Amino acid sequence: MGEKKLYRVTDNKVFCGVCSGLAEYFKIDVTLIRVIWALLTVFTALFGGVLAYIICAAIIPERTGGGSSERSASNNSYTSKPSDDFDNYFKK
């Protein structure tokens, strides 16, 4: 079994990819992580959430070498061209 590691994910990032990385690590929706982080930020008068985000962005390494671990190479939307979809649609 592969070892589970925490990385900043740049595929679905808004700022630095911290929330996307946490969502992938815990296997939950990134929107839920972002809402929790926003609430943390509001309830700590901006200081706690912003400081924690800056620390996490500095400490958590960015994943290198490709996209999401759940995305397979054959399902990579960046490798297919729109013309491929068009051709496949009319070849049916």
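Up top you'll find the structure we're talking about.
Because the structure is predicted, anything quoted here is derived from the model rather than measured.

Q: Please set out the pattern of salt bridges residue by residue, giving values where relevant.
A: Counted by the stated rule, this structure contains two salt bridges. The residue Glu62 makes a salt bridge to Arg8 at a minimum N-O spacing of 3.7 Å. In this pair, Glu62 sits in the loop between α3 (47-59) and α4 (82-90) while Arg8 sits in the segment before α1 (18-26), placing the two residues 54 residues apart along the sequence. Residue Glu62 is classed as partly exposed on the basis of its relative accessible area, which comes to 39%. Here Arg63 makes a salt bridge to Glu24, at a shortest N to O gap of 2.7 Å. Taken as a pair, Arg63 in the loop between α3 and α4 and Glu24 in helix α1 lie far apart in primary sequence, 39 residues in all.

Q: Mind laying out helix α2 (residues 30-43), listing which residues take part and the relevant values?
A: Helix length check: α2, at 14 residues, gives a terminal C-alpha distance of 20 Å against a target of 20 Å (1.5 Å per residue), a fit within 8%. The elements touched by buried residues of α2 are α1 and α3.

Q: Quick rundown of the state of the cysteines? Include the residues and the values.
A: Scanning the model with the defined rule gives zero disulfides in all. No disulfide involves Cys19; its nearest neighbouring cysteine sulfur is the one of Cys56, lying 8.8 Å away.

Q: Outline the nonpolar core, supporting the account with residue identities and numerical values.
A: Core analysis: the biggest nonpolar cluster contains ten residues, these being Val18, Cys19, Leu22, Ala23, Val30, Ile33, Trp37, Tyr53, Ala57 and Ile60. Considering every element that reaches this core, the biggest residue donor is α1, with four residues. The residues touching Leu22, leaving out its near neighbours within four places in the chain, are Leu6, Ile33 and Trp37.

Q: Can you explain unusual backbone geometry? Please cite residues and give values.
A: Phi is positive for Ala45, close to 55°, though the residue is something other than glycine. The residue Ala45 is located in the loop between α2 and α3 in this model. One non-glycine residue, Leu46, lies in positive phi territory at about 70°. Note that Leu46 resides in the loop between α2 and α3.

Q: Quick one: what's the story with the packing of aromatic side chains, residue by residue and with numbers?
A: One pass over the structure, following the stated rule, counts three aromatic pairs. On the numbers, 6.4 Å between centres and 80° between planes, the contact of Phe15 with Tyr53 is edge-to-face. Linking Phe15 in the segment before α1 with Tyr53 in helix α3, this pair joins segments that are 38 residues apart in sequence. Between the aromatic rings of Trp37 and Tyr53, the centroid separation amounts to 5.5 Å while the plane-to-plane angle is 85°, which identifies the pairing as edge-to-face. Placement of the pair is Trp37 in helix α2 and Tyr53 in helix α3, with a sequence separation of 16 residues. Given the relative accessible area of 15%, Tyr53 is considered buried. One cation-aromatic arrangement involves Lys4 over Tyr25; the distance from NZ or CZ to the ring centre is 4.6 Å.

What counts and how
- Within any chain, residue numbers begin from 1 and follow the written order of that chain's sequence.
- Reporting of local features is limited, given that this is a predicted model, to residues whose pLDDT is at least 70; pairs of side-chain atoms are given and counted only at 80 or more, and all residues count toward the totals for whole chains, interfaces and linings.
- Computation of side-chain values: all heavy atoms of the structure, hydrogens and water removed.
- Just to be clear on terms, a salt bridge is a Lys or Arg side-chain nitrogen sitting within 4 Å of an Asp or Glu carboxyl oxygen.
- Only DSSP runs of H or I covering at least 4 residues are called helices, and only runs of E covering at least 2 are called strands; the numbering of each starts at the N terminus.
- Categorising residues by exposure relies on relative accessible area from a 1.4 Å probe, with only protein chains included: less than 20% of the type maximum marks a residue as buried, more than 50% marks it as exposed, and the intermediate range marks it as partly exposed.
- Helices are assigned an expected span. That span is 1.5 Å times one less than the residue count.
- We call two residues in contact whenever any of their non-hydrogen atoms come within 4.5 Å of each other.
- When the sulfur atoms of two cysteines come within 2.5 Å, that pair is taken as a disulfide.
- Nine residue types can take part in a nonpolar core, namely buried Ala, Val, Leu, Ile, Met, Phe, Trp, Tyr and Cys, and a core is a set of them joined through side-chain atoms within 4.5 Å.
- Between rings of Phe, Tyr and Trp, where Trp is taken as its six-membered ring, a pair exists when centres lie within 6.5 Å; planes separated by under 30 degrees are stacked, by over 60 edge-to-face, and by other angles tilted.
- Lysine NZ or arginine CZ positioned within 6 Å of the ring centre and within 35 degrees of the ring normal marks a charge as sitting over the ring.

By themselves, these figures tell us nothing about what the structure is for.
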